[in-house]
Amino acid sequence: MKISVIIPIYNVESYVIRCLESVTNQSYSEIECILVDDCGNDNSMEIANRFIDKYNGPVDFVVAHHQKNKGVSASRNTGIKSSKGDYVFFLDSDDAITPGCIELLVSLANKYPTADFVQGNTVQGKDCVPNYYFSNNVPEFVDNKQLLYQVIFSKANMSTWNRLVRRSFLIDNLLYFHEGIVHEDDCWLYFMAKYAKSAAFTNQGTYLYYMNSNSIMTSCSKSSFRKRLDSCYVISNIIIDDLMKSHASNMYQRIHLANMNR
């Protein structure tokens, strides 16, 4: 089973080696690692290219280039379109994964072959941010639609990263990221939950999430705050339009929408 790890690269020169080393240190070997150069203004890509040039191992590195900065959503879309794996795994370039991350998630995918995605937990380490950690009440496998909505929106962490997502599931349902916004995970997650029929979860920590003080999500500038506010407005309208077209909604979809606008 081939896994495509997709990593957008933009102004992460202080973190990119940590991220790439976590991929090359995987106990699972059938990995293609797609780096998407999103035209930053630091030395991130130079550092990444030097790392790749020196690397001699089983991970197959692929570099995709943007002609101009397009943002993380476009970078993930480029990664999906460039991928050849059976499953896709999104990894942020300022984060890292545990050495057994991919092997553990692959074993879970093999155990539950009908699962549209397989999700790991975050590590509660000394330097890691535990906000996305979920507790032991998350079931290992869910194929009941209402329960799946509940787990996705109120029990497991609501992130794009740290999931093996079946590539055919993404392509068949056009599960690409809305470009030009932040909080893109909220929009993508809504549609992923809508189309998923089953999923598997592990309570074991597989992802190391770090707080990046230079991220737009942590910035307190007026422009960053406006960008986040405008993005929430765009995403809310997308979700509301979809709910109106379907003429139905469930409690967890409505909770997801309400939480976005707090």
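Here the structure is shown first, and the text comes after it.
Residues numbered from 1 in each chain as written. Predicted model: local features only at pLDDT ≥ 70, side-chain atom pairs only at ≥ 80, totals over all residues. Heavy atoms only, no water.

### So, helix 1 (residues 16-24)
For helix 1, the set of buried residues is V16, C19, L20, S22, V23 and T24. Those residues of helix 1 hidden inside the fold are in contact with strand 1 (3-9), strand 2 (31-37), helix 2 (44-54), strand 3 (60-65) and strand 5 (96-97). (Buried < 20%, exposed > 50% of the residue type's maximum accessible area, 1.4 Å probe, protein only. Helix = DSSP H or I, 4+ residues; strand = E, 2+ residues; numbered from the N terminus. Contact = heavy atoms within 4.5 Å.)

### What about the packing of helix 1 against helix 2?
The axes of two packed helices give the description: the angle between them and the distance between them. Relative orientation of the contacting elements helix 1 and helix 2 amounts to 30 degrees, with a least axis distance of 10 Å. Relative to helix 2, the element helix 1 lies roughly parallel. Like other packed secondary-structure pairs, helix 1 and helix 2 cross with a definite hand, here right-handed. Contact with helix 1, carried on its side by V16, I17, L20, E21 and T24, involves S44, I47, A48 and F51 of helix 2 and no other residues of that element. Split into classes, the residues belonging to the contact of helix 1 with helix 2 amount to 6 nonpolar, 2 polar and 1 charged. (Axes fitted to C-alpha atoms, helices over the stretch in contact; angles between N-to-C directions. Parallel < 35°, antiparallel > 145°, perpendicular 65-115°, else oblique. Left-handed = near helix turned anticlockwise from the far one by under 90°. Nonpolar A, V, L, I, M, F, W, Y, C, P; charged D, E, K, R; others polar.)

### Digging into the pattern of salt bridges
Counted according to the given criterion, the structure contains 6 salt bridges. One salt bridge connects R76 with E184, and the closest N-O pair in it is separated by 3.3 Å. Residue R76 is located in helix 3 (residues 72-82), and its partner E184 is located in helix 7 (residues 184-195); the two are separated by 108 residues in the primary sequence. In this pair, the class of R76 matches that of E184, namely buried. The partner of K194 in a salt bridge is D242, with the nearest N and O atoms 2.9 Å apart. You can see K194 sitting in helix 7 and its partner D242 sitting in helix 8 (residues 222-246), a full 48 residues away along the chain. (Salt bridge = Lys/Arg side-chain N within 4 Å of Asp/Glu carboxyl O.)

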